[in-house]
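# Coordinate inspection notes
Read off the chains here:
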Amino acid sequence: MKRRRIHPADDMLDSATVLTIVGGIGTPHLADGFLAAMQRVLPLTFCTVFALGANGRVVTVSTASNYGDAALQTSEHYIENRFDLLDPNMVWLSARALPRQPTLWLSHQHADEVADPAYRAACYGDVGIRERVSVLLLLPTGQRAAVSFYRSLALPEFADRDFGLIARHGALLAEATAAHSRGLVGAANASRGNAGPIEPRLLGLSVREREVIGHLLAGRTAKETARETGLALSTVRTHQYRAFRRLKIPTLKALLLELGSR
C-alpha cells in the first residue's frame, strides 16, 4: 500500500470535466459523474465513494460501474462484512488526528496486497479487479472520505501518468464529496462579493440549477431543457436566472466566454 500527499494543481480543469464532477452533488449519481469525468482521461472500471460516519462506521456514499450494479453489490458486501476494519484507507483515515487545514492524499493498492482472503475475494477477485487508486479526504470539521477508482484485469496497471491525472482532479473530487455529504452546497462561495474562479462558484448552484445550466451549455434551448427535465418552461427560466445570479454572470454567453477562457 503506497500513499502520498496531494498538493493543489496550478492549472485549471476544463469546463466539461468540472460540470460532470459537480453535477451529481445532492443526487444518487455522484460516483457516476466522477467515473464519467475521469474516464475522459484514463480507462477505469469502478468508482466508489466511502465516508466515515459520526459513529465511526463506514457508509457507502455512492458507487458507479461499467458493468451494471457490480460496484454497488461489492460495496454492500464491504459494508455488511465490516471490511472497512481491514481496509488500509479507512483504518488510516479513522486513526488520523484532525488537521488544521484540509488535506488530501493519494493511495494505491493491488489486490494481492490484501491479506484477508474473504475481503480480497469479495472486493477484488470475484469482480475481476486488479487494483485501486484513492483520493483520501481529511477535513478539520471531521469529514473523512475516500474516492476510489478501480481497474479490472482487462486494463493495464496504473502508471505514473495515471497517478498524476487523478491527483490533478483530486481537489475537485474531494470538494464535491464534501459538499455532497454536507447537503448544503457552497453557500459561502455563493455569497462572496467577488466572482472568483468559475469552478468553486459552480459548487454553489443547487442540483436543479446545475442540471438546467448543463442542458443549456450542451446547446439545448430552454424549451428543450424543459422537455428533457420534465419541468415547466417558467421553472427552467427561474433556475437559469438564479444560477446566473449565483455565478455572478449576466447571460449564458458570458458563462460560455468565461468557461472558454479556462
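Thresholds, definitions, all that
Residues numbered from 1 in each chain as written. Predicted model: local features only at pLDDT ≥ 70, side-chain atom pairs only at ≥ 80, totals over all residues. Heavy atoms only, no water. Helix = DSSP H or I, 4+ residues; strand = E, 2+ residues; numbered from the N terminus. Rg over C-alpha atoms; globule rule 2.2 N^0.38 Å. Buried < 20%, exposed > 50% of the residue type's maximum accessible area, 1.4 Å probe, protein only. Salt bridge = Lys/Arg side-chain N within 4 Å of Asp/Glu carboxyl O. Contact = heavy atoms within 4.5 Å. Phe/Tyr/Trp six-rings, centres within 6.5 Å; stacked < 30°, edge-to-face > 60°. Core = buried A, V, L, I, M, F, W, Y, C linked by side-chain atoms within 4.5 Å. Pairing = 2+ DSSP bridges. Axes fitted to C-alpha atoms, helices over the stretch in contact; angles between N-to-C directions. pLDDT = per-residue confidence, 0-100.

## Concerning the overall build of the protein chain
- What the protein chain contains, in helices and strands, is 12 helices and six strands.
- Relative to a compact globule of 262 residues, whose C-alpha radius of gyration would be 18 Å, the protein chain shows 19 Å and is just as compact.
- Structurally, the protein chain occupies a C-alpha span of about 55 × 40 × 35 Å along its principal axes.
- Here the protein chain holds 262 residues, and 48% of them are scored as buried.

## A few points about the pattern of salt bridges
- Evaluated as defined, the whole model comprises seven salt bridges.
- The salt bridge involving Glu157 is made with Arg130; its shortest N-O contact spans 4.0 Å. Remark: Arg130 occurs in strand β5 (residues 129-138) and Glu157 occurs in the loop between β6 (144-152) and α6 (160-182); sequence separation between them is 27 residues.

## Some details on helix α2 (residues 30-38)
- When you tally the buried positions in α2, you get seven out of nine residues, the bulk of the element.
- Of the residues making up α2, those classed as buried are Leu30, Ala31, Gly33, Phe34, Leu35, Ala37 and Met38.
- Next to the buried residues of α2 lie α1 (15-22), β2 (46-52), β3 (58-65), β6 and α6.

## Considerations on the packing of aromatic side chains
- For the coordinates displayed, the defined rule picks out eight aromatic pairs.
- Aromatic side chains Tyr78 and Tyr119 sit 6.2 Å apart centroid to centroid with 65° between the ring planes, which places their arrangement in the edge-to-face category. Placement of Tyr78 in helix α3 (residues 70-80) and of Tyr119 in helix α5 (residues 117-123) is noted, with a sequence separation of 41 residues between them.
- Among the residues examined, Tyr78 registers a relative accessible area of 2% and is labelled buried.
- With a relative accessible area of 2%, Tyr119 lands in the buried category.
- An aromatic cluster of three or more residues is present, and its members are Phe50, Tyr78, Phe83, Tyr119 and Tyr124.

## Quick look at the nonpolar core
- Judged by nonpolar contacts, the single largest core of 52 residues is most densely connected at Phe34, Cys47, Leu106, Val135, Phe149 and Ile166.
- Residues contacting Ile166, with those up to four places away along its chain left out, are Met38, Leu42, Leu106, Val133, Val135, Phe149 and Phe158.
- In this structure, Leu52, Tyr124, Leu136 and Tyr150 belong to the second largest nonpolar core, which totals 23 residues.

## Describing the sheet that holds β5
- Strands sit in the order β1-β4-β5-β6-β2-β3 across an open sheet of six strands; the sheet is antiparallel. Only two strands of the sheet have a single partner each, and these edge strands are β1 (2-6) and β3. Pairs of neighbouring strands in the sheet enclose a mean axial angle of 20°, with direction left out of account.
- Pairing analysis gives eight bridges linking strand β4 (residues 103-110) to β5, with the strands arranged antiparallel. Bridge assignment links Ser107 to a residue of β5, and that residue is Ser134.
- Strands β2, β3 and β6 of the sheet are contacted by α2, whose axis makes an angle of about 45° with β3.

## Notes on helix α9 (residues 207-217)
- For α9, the full list of buried residues reads Glu209, Arg210, Val212, Ile213, His215 and Leu216.
- Where α9 terminates, the next one or two residues include Gly219, which has phi positive at roughly 100°.

## Quick look at the confidence of the model for the protein chain
- For the protein chain, per-residue confidence averages 86 on the pLDDT scale, and 90% of positions sit at 70 or higher.
- Taken together, the stretch residues 184-195 has pLDDT below 50 and engages in 19 contacts with residues farther than four places along the chain or on a different chain.

## A look at the pairing of β2
- The buried fraction of β2 is high, at seven of seven residues.
- Side-chain alternation along β2 places Phe46, Thr48, Phe50 and Leu52 on one buried face and Cys47, Val49 and Ala51 on a second face that is also buried.
- Where β2 and β3 come together, seven bridges link them in antiparallel fashion. Residue pairing across strands places Val49 opposite Ser62, the latter belonging to β3.
- Between β2 and β3, which pair antiparallel and follow one another directly, the connecting turn spans five residues, one of which, Gly56, has a positive phi of 85°.
- As paired elements, β2 and β6 share six bridges and run antiparallel to each other. Paired with Ala51 across the two strands is Ala145, which belongs to β6.

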